[in-house]
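Commentary on secondary and tertiary structure
These are the residues of each chain, in order.
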Amino acid sequence: MARLIALGPFGDLLPLQVGDVNCTEVTRDALWSIAPFAGQHAAVSAQMKTQIALDLPAVGRRAQVGDVICQWVAHDQWLVTVPVTLDGLAAVTDLSDGFALLEIAGPTVEDVLARLVPVDLRPHVFGVDDTARSLLGHMPVGITRTRTQAFEVMVMRSMAASLVHDLRAAMVAVAARDTP
């Protein structure tokens, strides 16, 4: 009889450390897409504030209260980590199994990401809780600064191994550059 082992989207690829940068898997119990219907942004924000103590953050931003996160991810689309009831106000879709998330952190994390992401991620430009849709190498990603030297990267689940591969190559290059 086969033994089944539960693995996340990254399998056994994480954790990963090269030089002073490390990658770890981020797990979320749920991810719900919120897409307000035309003219319903204010009503959606009000309902969310009532239900989860967070309204829709501005474009390019993420908000968090305790373990509940709401973040902008695309034009008229946000992700929230708990279910909300927005009948008649927005399309709400469970995307929990569709994405893979990792944290990449360390003193030279911006140098690693600069090799792959065409967005200026320096802290005076891209601060904590700023989020962007961009490319990382050839993959569409969501990238959010979570701390001074840490970012959360979100990709479609099917691209998890490619994400780790590309990050590992950039981490190796930066570590080699910094080795005397």
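Small disclaimer: the values here were computed from a predicted structure and weren't measured.

1. Digging into the overall build of the protein
Looking only at helices and strands, the protein has 3 helices and 11 strands in total. In the protein, the succession of helices and strands from N to C terminus is β-β-β-α-β-β-β-β-β-α-β-β-β-α. Its C-alpha atoms give the protein a radius of gyration of 17 Å, within 12% of the compact-globule value 16 Å for 180 residues. Taking the principal axes of the C-alpha coordinates as reference, the protein spans close to 60 × 55 × 30 Å. Residue burial in the protein is summarised as follows: out of 180 residues, 46% are buried. In the protein, the proportion of contacts linking residues at least 24 apart, taken out of those at least 6 apart, comes to 62%.

2. Side note on the sheet that holds strand β5 (residues 68-74)
What the 5 strands build is an open sheet, ordered β4-β5-β6-β3-β7; its pairing is antiparallel. Both outer strands of the open sheet, β4 (62-65) and β7 (90-94), are each paired with one neighbouring strand and no more. Across this sheet, the average inter-strand angle for adjacent strands is 20°, counted without regard to direction. Where helix α1 (residues 41-52) meets the sheet, it contacts β3 (32-36), β5, β6 (77-80) and β7, and its direction lies at approximately 145° from that of β3.

3. Details of the nonpolar core
In this structure, Leu 102, Ile 104, Leu 113, Leu 136 and Leu 167 are the most contacted members of the largest nonpolar core, which totals 32 residues. Elements with a minimum of two residues in this core: β1 (16-18), β2 (21-26), β8 (99-105), α2 (109-114), β9 (131-136), β10 (139-147), β11 (150-156) and α3 (160-178). At 8 residues, α3 tops the list of elements feeding residues into this core. Residues contacting Ile 104, with those up to four places away along its chain left out, are Val 21, Asn 22, Cys 23, Val 109, Val 112, Leu 113, Gln 149, Ala 150, Phe 151, Val 153, Leu 167 and Met 171. In terms of nonpolar packing, the next biggest core, distinct from the first, is built from 18 residues, Leu 54, Ala 63, Trp 72 and Ala 90 among them.

Conventions we followed
- Residues numbered from 1 in each chain as written.
- Predicted model: local features only at pLDDT ≥ 70, side-chain atom pairs only at ≥ 80, totals over all residues.
- Heavy atoms only, no water.
- Helix = DSSP H or I, 4+ residues; strand = E, 2+ residues; numbered from the N terminus.
- Rg over C-alpha atoms; globule rule 2.2 N^0.38 Å.
- Buried < 20%, exposed > 50% of the residue type's maximum accessible area, 1.4 Å probe, protein only.
- Contact = heavy atoms within 4.5 Å.
- Pairing = 2+ DSSP bridges.
- Axes fitted to C-alpha atoms, helices over the stretch in contact; angles between N-to-C directions.
- Core = buried A, V, L, I, M, F, W, Y, C linked by side-chain atoms within 4.5 Å.

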